[in-house]
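These are the residues of each chain, in order.
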Number of protein chains: 4
Amino acid sequence: MLDKRDQILEAAEELFAQKGFEGTSVRDLAKKAKVNVAMISYYFGSKEKLFESLVEYRAAFLREKLQLINREEVLDPISKIEMLIDFYVDRITSQSRFSRILHRELSLQQRSEMHNAIADIILRNAHEMRKIIQEGIRKKVFRKMDAEMLIATLVGTTMQATNSKEMVCKLIGSDPQKFSFNDTRYKNRLKNYLKDLMRTTLLYSKKQSA
Amino acid sequence: MLDKRDQILEAAEELFAQKGFEGTSVRDLAKKAKVNVAMISYYFGSKEKLFESLVEYRAAFLREKLQLINREEVLDPISKIEMLIDFYVDRITSQSRFSRILHRELSLQQRSEMHNAIADIILRNAHEMRKIIQEGIRKKVFRKMDAEMLIATLVGTTMQATNSKEMVCKLIGSDPQKFSFNDTRYKNRLKNYLKDLMRTTLLYSKKQSA
Amino acid sequence: MLDKRDQILEAAEELFAQKGFEGTSVRDLAKKAKVNVAMISYYFGSKEKLFESLVEYRAAFLREKLQLINREEVLDPISKIEMLIDFYVDRITSQSRFSRILHRELSLQQRSEMHNAIADIILRNAHEMRKIIQEGIRKKVFRKMDAEMLIATLVGTTMQATNSKEMVCKLIGSDPQKFSFNDTRYKNRLKNYLKDLMRTTLLYSKKQSA
Amino acid sequence: MLDKRDQILEAAEELFAQKGFEGTSVRDLAKKAKVNVAMISYYFGSKEKLFESLVEYRAAFLREKLQLINREEVLDPISKIEMLIDFYVDRITSQSRFSRILHRELSLQQRSEMHNAIADIILRNAHEMRKIIQEGIRKKVFRKMDAEMLIATLVGTTMQATNSKEMVCKLIGSDPQKFSFNDTRYKNRLKNYLKDLMRTTLLYSKKQSA
DNA sequence: AATGAATGAGCCTTCATTCAT
DNA sequence: AATGAATGAAGGCTCATTCAT
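The sections below set out a description of the structure shown in this document.

About the cut-offs
Residues numbered from 1 in each chain as written. Chains lettered and ligands numbered in written order. Predicted model: local features only at pLDDT ≥ 70, side-chain atom pairs only at ≥ 80, totals over all residues. Heavy atoms only, no water. Least-squares fit on C-alpha atoms with pLDDT ≥ 70 in both. Contact = heavy atoms within 4.5 Å. Near = heavy atom within 4 Å. Polar contact = N/O pair within 3.5 Å; in protein donor to acceptor, adjacent residues only side chain to side chain. Nonpolar A, V, L, I, M, F, W, Y, C, P; charged D, E, K, R; others polar. Buried area = accessible area lost by both parts, 1.4 Å probe. Salt bridge = Lys/Arg side-chain N within 4 Å of Asp/Glu carboxyl O. Helix = DSSP H or I, 4+ residues; strand = E, 2+ residues; numbered from the N terminus. Buried < 20%, exposed > 50% of the residue type's maximum accessible area, 1.4 Å probe, protein only.

1. Things to note about the relation of the copies chain A and chain B
Then, number 1: With an RMSD of 0.2 Å, the fit of chain A onto chain B corresponds to turning through 180° and sliding 0.0 Å along the axis. Classification of the inter-copy transformation places it as that of a two-fold axis. Considering only C-alpha atoms, the residue of chain A closest to the rotation axis is Gly156 of chain A, which sits at 2.1 Å.
Then, number 2: Comparing interface residues between copies, 100% of those in chain A also sit at the interface in chain B, which points to an isologous, same-surface contact.

So, in structure tokens, the structure goes:
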């Protein structure tokens, strides 16, 4: 069984994703985690510090994965991008809603300890992503591109597709409950789309037409 | 001078964008709008209803603009996409932060009147955007593409680029205050990137290489 | 009937005197004042600010009285001291427990806004008292004395006598409820003692023996 | 090294004097005493019981000293009063702030075990003080005086002078940091003042003028 | 004997809303 | 129509204490 600290972190991840940071009360958290309200302050100091701890708790894993991709010497750039897409889409669409939390809270223009902590995490991850892209450009495998904006596309598209999954279903007119929109299928659809998008936009057109 | 109702809506747009819905108090709103606290309930019924009113207040304009683009018979599909990009980037990066509010609150998985109202707006807008893309495909100007995901890219990239502007600056190592990152330049950079992205991915490669 | 603000101030004076600042909760205050808990913050901003308001509320009157004594041109110094004693003892032993509150909170060595506000009040009052004493010395009616310490005696004795009234009763072995220890008698006893003390210590011995 | 119980008592004396009983938390105490939070309940049962223990811990010593003065057969009454002043001023102004704690908590009108325990201590001490005064009166060395009130003057003046040391400095317009207001000098000033006050008020005027 | 973990009650404050005018 | 006053509920947090070891 998880210890109380981890129970709280799990609950926080779920509730912050669902209701946002402001919309989640420490009493909600305590109830979900099945611990006493005072425990949150006891373990983390404050609700805000809990958020920061959650960020640290998840961020290490995120960056490690990216670094792993970067270190793969034998992989060609486009394969790395595809790995990145697979990995990133899985992360965001998984039950672990961590990334969504990060990006939402970041979109608030409130400056605070918390905001800075989040920005830092995302910045470091962005840094790893950029390495992959720049390597491809340097090796003349990729066209010369605006790398920072390309990251925004990868991250933003995934986020948007995830957040609006239900809407996409509506747009197509299908029942969201229907088989064709289950998580795995939707996820694969997103992955395939992103890989195609990256290929068409990154690779030189002769390669594309080949 | 704006009437009180509009003052409140203006204030709401600014504060919700800055601090989120939950993070903004009715007192904050009243102060910003320079009206009495009771006014919000008086005019809108509740803070939540105010949000819905804000949505209605802005949504009409948003959709009208999209419909306008769609109706332009003489425009070729790629020009329409470019108009769409120009329009959308301007909207989101402008001082009118309405779109950002919509998308953030949508990312909360709370089902409510409010949520549904927002989803509805976005859905209708997405519908107009899809028309443009599908028309291009039907006219064989565009490759066959996953239209819904392409919308996610347009919307998601713009959102992400806007939210992480400061981060992009950091990533490049420049001072956010420096001239090269002022709003207009950044906006144009985003527009150019998106237009290039759309061209390379939507158009057949022969056209691209032409 | 008192307005709510005054009801709160009255309740605060009573409860702070009884239970101290820390020992009194805003719920206690609200209950005593028969107002909603939120009213305390609404009117005063915080519990601490309420304290400061209480200080201001009472301090003006206190100082005015002292200034009045000082301005009395025809009064000889010893009469002024006696007026001061009458006035001060009445104040402290009266149902208005304000002075006791001030002195207790001052005895805490915590530096805070509150503490400084209190110190300020007391300082200004002490200033007025000293004027009376120094005038007597200048006119050669009083012996040369340590004026500041004399104030400490006037204030400290009154405070101590009030705080330990019950103890004095025990010391004499009388029932605190008995007639001879009712408030008026005890007050007069204190006044007479202080006046005698001041006369013997301030006046030159020839006058005393006269 | 002190054992844990004594460490706690030492910490309690310091913190209660500084922040009052209510203003001091068990965690503050534990931290200051460098023991576990649970220790306080473990050793003393409760915070309140700790206070009572502190009172017992110090009270014995206090009274012993007074009894010692009383038993000095060869000392004349005025010398005893002077010894009493020396002793009392030292106690209250010393780093051992026990007496200040007693008097402050006594000034709260809350009836409790604690309050009664304190009242008892002070009563017994007052009893010893009164003996000294009454002996002087019986031996016709002192004028007939209100002994109980005289105790209030001794105790109250010392308390007041100590609590308002900083204020006296301000009143004189000197820098509290300045040499002339260091602890020793201030203490001596208070002692000299009190001795003079006692002499002038207790002794018959012929003696005074002599 | 000693303690880190855990608790329920209570703290002060702020919330969105409604009332009386 | 418009508002200052007022409210009960809920906010995050700290409290003294007790539990399990």
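Back to the text.
2. With respect to the protein's contact with DNA strand E
Then, number 1: By nearness alone, 30 residues border DNA strand E, and Asn36 and Tyr43 of chain A, Val26 of chain B, Val26 of chain C together with Asn36 of chain D come closest of all.
Then, number 2: The protein-proximal atoms of DNA strand E, defined as those within 4 Å of the protein, are 61% sugar or phosphate.
Then, number 3: In this structure, a phosphate oxygen belonging to DNA strand E sits 3.2 Å away from a side-chain N or O atom of Tyr42 of chain A.
Then, number 4: A distance of 3.0 Å separates a base nitrogen of DNA strand E from a polar atom in the side chain of Arg27 of chain C.
Then, number 5: Residue classes in the surface near DNA strand E are distributed as twelve nonpolar, ten polar and eight charged.

3. Brief notes about the interface of chain D and chain C
Then, number 1: Taken together, the contacts link 53 residues of chain D with 53 residues of chain C.
Then, number 2: Summing both partners gives a buried area of about 4,900 Å² for chain D against chain C, and 59% of it is carried by carbon and sulfur.
Then, number 3: Our enumeration of links across chain D and chain C arrives at six salt bridges.
Then, number 4: In this structure, Glu148 of chain C engages Arg189 of chain D in a salt bridge whose closest nitrogen and oxygen atoms are separated by 3.0 Å.

4. Comments concerning the interface of chain A and chain B
Where interface size is quoted, it is often the accessible area lost as the parts come together.
Then, number 1: Contact with chain A, which involves 53 residues of that partner, is made by 53 residues of chain B.
Then, number 2: Taking both sides of the interface into account, the surface hidden between chain A and chain B amounts to around 4,900 Å²; carbon and sulfur atoms contribute 59%.
Then, number 3: There are six salt bridges connecting chain A and chain B.
Then, number 4: A salt bridge links Asp196 of chain B to Arg143 of chain A; the shortest N-O distance between them is 3.1 Å.
Then, number 5: On the surface where chain A and chain B come into contact, there are 16 residue pairs in polar contact (both at pLDDT 80 or more).
Then, number 6: Broken down by secondary-structure element, the contributors of at least two residues to the side of chain A that touches chain B are helix H1 (4-23), helix H6 (98-106), helix H7 (113-138), helix H8 (147-163), helix H9 (165-172), helix H10 (183-202) and helix H11 (205-209) of chain A.
Then, number 7: Here the side of chain A that touches chain B takes twelve residues from H8 of chain A, the largest share from any one element.

5. Quick word on the pattern of salt bridges
Residue and element names in this part refer to chain B.
Then, number 1: With the rule as written, the count across this model stands at 68 salt bridges over all chains.
Then, number 2: A salt bridge links Glu135 to Lys80; the nearest nitrogen and oxygen atoms lie 3.1 Å apart. With a gap of 55 residues between them, Glu135 in helix H7 (residues 113-138) and Lys80 in helix H5 (residues 77-93) connect regions that are remote in the sequence.
Then, number 3: Overall, the relative accessible area of 12% leaves Glu135 in the buried class.
Then, number 4: A salt bridge links Lys191 to Asp90, with the nearest nitrogen and oxygen atoms 3.0 Å apart. Of the two residues, Lys191 sits in helix H10 (residues 183-202) while Asp90 sits in helix H5, which places them 101 residues apart along the sequence.

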